[in-house]
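The chain contents come next:
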Amino acid sequence: SEAEAEAEVERRLADHYSSRIWRVRRSGNGSLPVYLKVQRHGTKFTTVIRHLEGDQEAFKKELMVVCEAPARCRIGTVEVAGQHVWKVKEWLRSIGC
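Residues numbered from 1 in each chain as written. Predicted model: local features only at pLDDT ≥ 70, side-chain atom pairs only at ≥ 80, totals over all residues. Heavy atoms only, no water.

Peer 1: Help me understand the overall build of the chain, please; the structure alone is not making it clear to me.
Peer 2: Summing up its helical and strand segments, the chain has three helices and six strands in all. Each helix and strand of the chain, ordered N terminal to C terminal, gives the series α-β-β-β-β-α-β-β-α. With the principal axes as the frame, the chain shows a C-alpha extent of 55 × 25 × 25 Å. Here the chain holds 97 residues, and the buried ones make up 32% of them. At a minimum sequence separation of 6, the contacts of the chain that also span at least 24 residues come to 58%. Separation between the mean location of the 17 positive side-chain charges and that of the 13 negative ones in the chain comes to 13 Å. (Helix = DSSP H or I, 4+ residues; strand = E, 2+ residues; numbered from the N terminus. Buried < 20%, exposed > 50% of the residue type's maximum accessible area, 1.4 Å probe, protein only. Contact = heavy atoms within 4.5 Å. Lys, Arg positive; Asp, Glu negative; His and termini not counted. Charge placed at Lys NZ, Arg CZ, Asp CG, Glu CD.)

Put into structure tokens, the structure is as follows:
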């Protein structure tokens, strides 16, 4: 049935994300460390994800699929071009970060 198929998809997603090789630690106040960086007098926006542990390249690849935008790795952070704070936070919450 449709409910069983949906449960199977949820189970596969949970298995996939439980075996991930990266982790985003929450900040000191318990929130997700996803921030918006504004540059060039408010004309350039970059979403910054901090407190990243593990395989940054694997995280970057998954993030590029979620945001549909180019991303780059920095030391301990990943930056995505554009305003994607809400989308990234919802994605991280949905996979249990």
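Next comes the rest of the account.
Peer 1: Looking at this model, I keep getting lost on the packing of aromatic side chains. Mind explaining?
Peer 2: Aromatic rings in a pair are described by how distant their centres are and how their planes are angled relative to each other. Summed over all chains, the structure comprises three aromatic pairs. Centre to centre, the rings of tryptophan 22 and phenylalanine 59 are 4.7 Å apart; their planes meet at 70°, and the pair counts as edge-to-face. One end of the pair, tryptophan 22, is in strand β1 (residues 22-24); the other, phenylalanine 59, is in helix α2 (residues 56-67), with 37 residues separating them in the sequence. Like phenylalanine 59, tryptophan 22 is buried. Pairing tryptophan 22 with tryptophan 91 gives two aromatic rings, centres 5.8 Å apart and planes at 40°, and the pair type is tilted. Here tryptophan 91 lies in helix α3 (residues 85-94) and tryptophan 22 lies in strand β1, a separation of 69 residues in the sequence. Residue tryptophan 22 shares its accessibility class with tryptophan 91, and that shared class is buried. (Phe/Tyr/Trp six-rings, centres within 6.5 Å; stacked < 30°, edge-to-face > 60°.)

Peer 1: Is there a simple way to think about α2 in this case?
Peer 2: Count 3.6 residues to each turn of an α-helix, and residues three or four apart come out pointing the same way. The terminal C-alpha atoms of α2, which comprises 12 residues, lie 16 Å apart, in line with the 16 Å expected from a rise of 1.5 Å per residue. Within α2, burial applies to Gln56, Ala58, Phe59, Lys60, Glu62, Leu63 and Cys67. The distance from a side-chain oxygen at the start of α2 to the backbone nitrogen of glutamate 57 is 3.1 Å, and the residue carrying that oxygen is aspartate 55. After α2 finishes, the residue glutamate 68 shows a positive phi value of roughly 55°. (Expected span 1.5 Å × (residues − 1). Polar contact = N/O pair within 3.5 Å; in protein donor to acceptor, adjacent residues only side chain to side chain.)

Peer 1: What should I look at first to understand the environment of valine 80 in this one?
Peer 2: Tracing the sequence through the fold places valine 80 in strand β6 (residues 78-81). Between the alpha carbons of valine 80 and threonine 46 there is a distance of 5.7 Å; along the sequence they are 34 residues apart. Setting aside residues up to four positions removed in sequence, valine 80 forms contacts with Thr46, Thr47, Ile49, Leu63, Cys67, Ala69, Pro70 and Ala71.

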